[in-house]
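# Residue-level structural notes
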Amino acid sequence: MQIVLPRALPRLVTDPVVAVLARAGVTPNMLTVAQLAGGLIAGYVISQGELAVGAVILIASATLDAFDGSLARATGRATPFGGVFDSVIDRLFEGAVLGGVLWHFLDAGQKAESMAVFVALLGSLSVSYVRARAEGAGIEIYDGLFTRVVRLLFLTAGLILADVAAREALDAVVWFLAGATLLTTAHRLYAVWRRL
């Protein structure tokens, strides 16, 4: 079964924002770098135990990724390197945020949850790597339920719930993401195997 979620916000949402950004002289790479800066700040804030604040910074900076590609196409700045740059920054962004979560757990002496964060990060990278390798083999693949956007939404919800309701919410989300990323990796591998 192929599960494919929408890969971008509707143009009804992106076009007005992109028009404002283009008029302001903002470039796609500026948005991409700003996203990474936001991820680093979110990771640091999370590592200090300010989970809800970190979640807000995370989701605000992750939203920038919805506009850099649209801005590149609208301003005629779309390049093959831009796509590669954006993909690499996406991985670094997710790593920075999960690094903050890992630090938070290590600081609290939660070794098992720290390992779950490591597995979630490894799984996240593997989900993206399968896609990259598949594209190298001439296959476009977006299968899998737990893509980057879904993972970040789950993590954001876990951070907020842990800060305002139950501390264990983040533990549960991290364990869930560890399993979900590995499952999505396996799903994508299976999809590539079937197509090859």
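Residues numbered from 1 in each chain as written. Predicted model: local features only at pLDDT ≥ 70, side-chain atom pairs only at ≥ 80, totals over all residues. Heavy atoms only, no water.

### Focus: the packing of helix α1 (residues 11-23) against helix α4 (residues 65-74)
Two elements in contact, α1 and α4, have axes whose closest approach is 9 Å; the angle formed by their N-to-C orientations is 65 degrees. Classified by the interaxial angle, the pair formed by α1 and α4 is roughly perpendicular. For the pair α1 and α4, the sense of crossing is right-handed. Touching V13, T14, V17, V18, L21 and A22 of α1 are A66, F67, S70, L71 and A74, all from α4. Grouping the constituent residues of the contact of α1 with α4 by class yields 9 nonpolar, 2 polar and no charged. (Axes fitted to C-alpha atoms, helices over the stretch in contact; angles between N-to-C directions. Helix = DSSP H or I, 4+ residues; strand = E, 2+ residues; numbered from the N terminus. Parallel < 35°, antiparallel > 145°, perpendicular 65-115°, else oblique. Left-handed = near helix turned anticlockwise from the far one by under 90°. Contact = heavy atoms within 4.5 Å. Nonpolar A, V, L, I, M, F, W, Y, C, P; charged D, E, K, R; others polar.)

### Observations regarding the side chain of H104
Residue position: H104 is located in helix α5 (residues 80-107). H104 gets classed as buried once you look at its relative accessible area, which sits at 11%. Discounting residues that sit within four places of it in the chain, H104 has contacts with I46, S47, G49, L51, R167 and L170. (Buried < 20%, exposed > 50% of the residue type's maximum accessible area, 1.4 Å probe, protein only.)

### Here's the deal with the pattern of salt bridges
Counting across every chain of the model gives 5 salt bridges. For the salt bridge of R151 with E94, the shortest nitrogen-to-oxygen distance reads 2.8 Å. Of this pair, R151 sits in helix α7 (residues 148-164) while E94 is found in helix α5, placing the two residues 57 residues apart along the sequence. In terms of burial, R151 and E94 fall into one category: buried. (Salt bridge = Lys/Arg side-chain N within 4 Å of Asp/Glu carboxyl O.)

### Structural notes on the nonpolar core
Of all hydrophobic cores here, the largest spans 23 residues; its most connected members are L58, V97, V101, L155, L159, L170 and V174. Sorting the residues of this core by element identifies α2 (28-47), α3 (51-63), α5, α6 (111-136), α7 and α8 (168-195) as the ones contributing at least two each. When residues no more than four places from it in sequence are discounted, the contact partners of L58 are A42, F93, V97, L152, L155, T156 and L159. (Core = buried A, V, L, I, M, F, W, Y, C linked by side-chain atoms within 4.5 Å.)

### Section: the packing of α5 against α6
Relative to each other, α5 and α6 sit at 170 degrees, their axes nearing to 8 Å. Here α5 lies roughly antiparallel to α6, going by the angle between them. For the pair formed by α5 and α6, the contact residues are R91, E94, G95, L98, V101, L102, F105 and L106 on the first element and E113, S114, V117, A120, L121, S124, L125 and S128 on the second. Its residues assigned to classes, the contact of α5 with α6 shows 9 nonpolar, 4 polar and 3 charged.

### A word on the environment of F93
With respect to the helices, strands and loops of the structure, F93 is situated in helix α5. The class of F93 is buried, set by a relative accessible area of 0%. Along the sequence, F93 and L51 sit 42 residues apart, while their C-alpha atoms lie 17 Å from each other. In this view, F93 contacts Q35, L36, G38, G39, L58, S61, A62, R148 and L152; residues no more than four positions away in its chain are not counted.

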